[in-house]
Amino acid sequence: SLILFAMPRLNVTVHKAKNLPNHDIVGASDPYVVLEMGGRIYKTKTVSDSLNPVWEEEFAFMVADDNAATITFTIFDEDVFKDEKMCWCRLAVSNLYRGEDCHKAMLLYDCKPGTFGTPELEVTLHAVDFGKLRSEDPK
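Reference entry: report on the structure contained in this document.

**A word on the overall build of the protein**
Scanning the protein from terminus to terminus reveals 0 helices and 8 strands. Tracing the protein from N to C terminus, the helices and strands come up as β-β-β-β-β-β-β-β. Burial analysis of the protein (139 residues in total) assigns 40% to the buried set. The contacts in the protein between residues at least 6 apart in sequence include a share of 62% that link residues at least 24 apart. If you sum the accessible surface of the protein, you get close to 8200 Å²; carbon and sulfur atoms cover 54% of it. One finds the centroid of the 15 positive side-chain charges in the protein at a distance of 5 Å from the centroid of its 22 negative side-chain charges.

Spelled out as C-alpha cells, the structure:
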C-alpha cells in the first residue's frame, strides 16, 4: 500500500525593507529578495530605484524538520550586467506557533557602509500545520 506523507507547510510573506544601502552610482538600487530553505529558492519581483522597497509577496515552503530548519533572505541589487548582493538575514522556524502569524522586523547583515538608519527586512511567517500549540505553553 502507498502511504502519502505530506510535509508541514510554512507560508512566508515578504513585506518590505527599509534603509537599504545604495549600490548604484546613478539613482537608487533596484532590490529584490531571494528566499532559501531546504533546497527551495524563491525570488520576489524587483522594485526599481528604491532603498525602502515594498514587495507584499507570499511564498510557500515545505518544512522537512521544523526543529532545525532556517530560512535565509538575501537582498540583491538588480543590475544590467551582474546583480550585486546587498545584505542578508536568517531566521529559524523552530519557535513558531501552529496556525498563527509571526511578524518579524529583522536586522540585515553585511550592508555596505554609508547606510542611513538601520537596514531591516519585514516578513510574516505562518506555520500552517506544524509548530507549538498555545495550549502547550507553561502557565
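On we go from here.
**So, the pattern of salt bridges**
Counted under the stated rule, the structure contains 2 salt bridges. Between lysine 18 and glutamate 120 there is a salt bridge, with its nearest N and O atoms 3.6 Å apart. With a gap of 102 residues between them, lysine 18 in strand S1 (residues 9–18) and glutamate 120 in strand S8 (residues 120–127) connect regions that are remote in the sequence. By relative accessible area, lysine 18 is classed as partly exposed at 35%. The partner of glutamate 57 in a salt bridge is lysine 45, and the shortest N-O contact between them spans 3.6 Å. Residue glutamate 57 is located in strand S4 (residues 54–62), and its partner lysine 45 is located in the loop between strand S3 (40–43) and S4; the two are separated by 12 residues in the primary sequence. Relative accessible area serves as the criterion here: at 42%, lysine 45 is assigned to the partly exposed category.

What counts, and where the lines are drawn
Residues numbered from 1 in each chain as written. Predicted model: local features only at pLDDT ≥ 70, side-chain atom pairs only at ≥ 80, totals over all residues. Heavy atoms only, no water. Helix = DSSP H or I, 4+ residues; strand = E, 2+ residues; numbered from the N terminus. Buried < 20%, exposed > 50% of the residue type's maximum accessible area, 1.4 Å probe, protein only. Contact = heavy atoms within 4.5 Å. Areas by Shrake-Rupley, 256 points an atom, 1.4 Å probe, with all protein chains shown as cover. Lys, Arg positive; Asp, Glu negative; His and termini not counted. Charge placed at Lys NZ, Arg CZ, Asp CG, Glu CD. Salt bridge = Lys/Arg side-chain N within 4 Å of Asp/Glu carboxyl O.

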